[in-house]
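Listed here are the chains, written in short residue letters.
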Amino acid sequence: MQRVLVMGSSGSGKSTFARRLSEITGIPFVSLDALYWKPGWVASDNAEFGQRVAEVARRPQWVIDGNYTTSGAGELRRQCCDTVIWFDLPRRSCMFGIMTRIAGSYGKVRPEMAEGCPEKIDFEFFRYVWTYRRQQRPKLLDYFQGLRADQSLVCFTDRTQANDYLKAIAFKQNRASIH
């Protein structure tokens, strides 16, 4: 596992997972949101964003957090990755996740966000998460159809599975460092 895509709905826990995976493995963490957004929540031009992401995707190691499958060098990322971690959590879990996140970091810039993009209440974002399973999930399923046989797809349907996965990787890392 050298190039890992961590994907799924906002509020699913993918950013927290990606940062923890990076810490455990030492593989650099990259947030697509940090590459996409400019200060003041200004969106990047697609060509500019795609170029930034392509530079990252060509590196030998990364844990990339985020979707952006139709922009941001989505095809290149899929070709380059060896593992996809997919958070396929129920709507209620993701809605709870974003509400908890907003409550805990309102007005602050989260670690995976671009400078100048503080957490805010955004009803369009709530709608995006509310409709994610119906509107965005099918697009991810299509995206996953392009994975090769030598690439792994790991699916979590709850956060406990994700935490258990991280514990198992940490255990393997610790055993490897002892021997």
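Below is a summary of the structure that appears in this document. Per chain, residues are indexed from 1 in the order of the written sequence. At least 70 in pLDDT is required for a residue's local features to be given in this predicted model, at least 80 for side-chain atom pairs to be given and counted, and no such filter applies to totals for whole chains, interfaces and linings, which use all residues. Side-chain figures throughout are based on the complete set of non-hydrogen atoms in the structure, without hydrogens or water.

1. Observations concerning the overall build of the protein chain
The condition that has to hold: The numbering of helices and of strands both runs from the N terminus, where a helix is a DSSP run of H or I of at least 4 residues and a strand a run of E of at least 2. All radius of gyration figures rest on C-alpha atoms, and the globule criterion is 2.2 Å times the number of residues raised to 0.38. Burial classification: accessible surface area is computed with a 1.4 Å probe over protein chains only, and a residue below 20% of its type maximum counts as buried, one above 50% as exposed, and the rest as partly exposed.
Counting secondary structure elements, the protein chain contains nine helices and seven strands. For 179 residues, the compact-globule estimate of 2.2 N^0.38 gives 16 Å, and the C-alpha radius of gyration of the protein chain, at 16 Å, lies within 12% of that figure. With the principal axes as the frame, the protein chain shows a C-alpha extent of 50 × 35 × 30 Å. Burial analysis of the protein chain (179 residues in total) assigns 45% to the buried set.

2. Considerations on a nonpolar patch on the surface
Short version of the rule: Any residue with relative accessible area above 30% and no salt bridge may belong to a patch, with like charges joined within 9 Å and the nonpolar Val, Leu, Ile, Met, Phe, Trp and Tyr side chains within 5 Å. The Shrake-Rupley method, run with a 1.4 Å probe sphere, supplies the accessible areas, and residue values consider only the shown protein chains as cover. Should a side-chain nitrogen of Lys or Arg be within 4 Å of a carboxyl oxygen of Asp or Glu, the pair is scored as a salt bridge.
Nonpolar side chains collect at one region of the surface, where Y106, I121 and F123 lie side by side and expose about 380 Å² of accessible area between them. Within the element layout of this structure, F123 appears in helix α6 (residues 123-130). When its relative accessible area of 65% is taken as the criterion, F123 is described as exposed.

3. Here we look at the state of the cysteines
The cut-off we apply is this: Sulfur atoms of two cysteines make up a disulfide when they are within 2.5 Å.
Counted according to the given criterion, the structure contains zero disulfides. Here C81 stays free of any disulfide, with the sulfur of C80 as its closest cysteine sulfur at 8.1 Å. The cysteine C94 is free of any disulfide, with C155 supplying the nearest cysteine sulfur at 12 Å. What makes C94 buried here is its relative accessible area of 2%.

The values are spatial; any link to function lies outside them.
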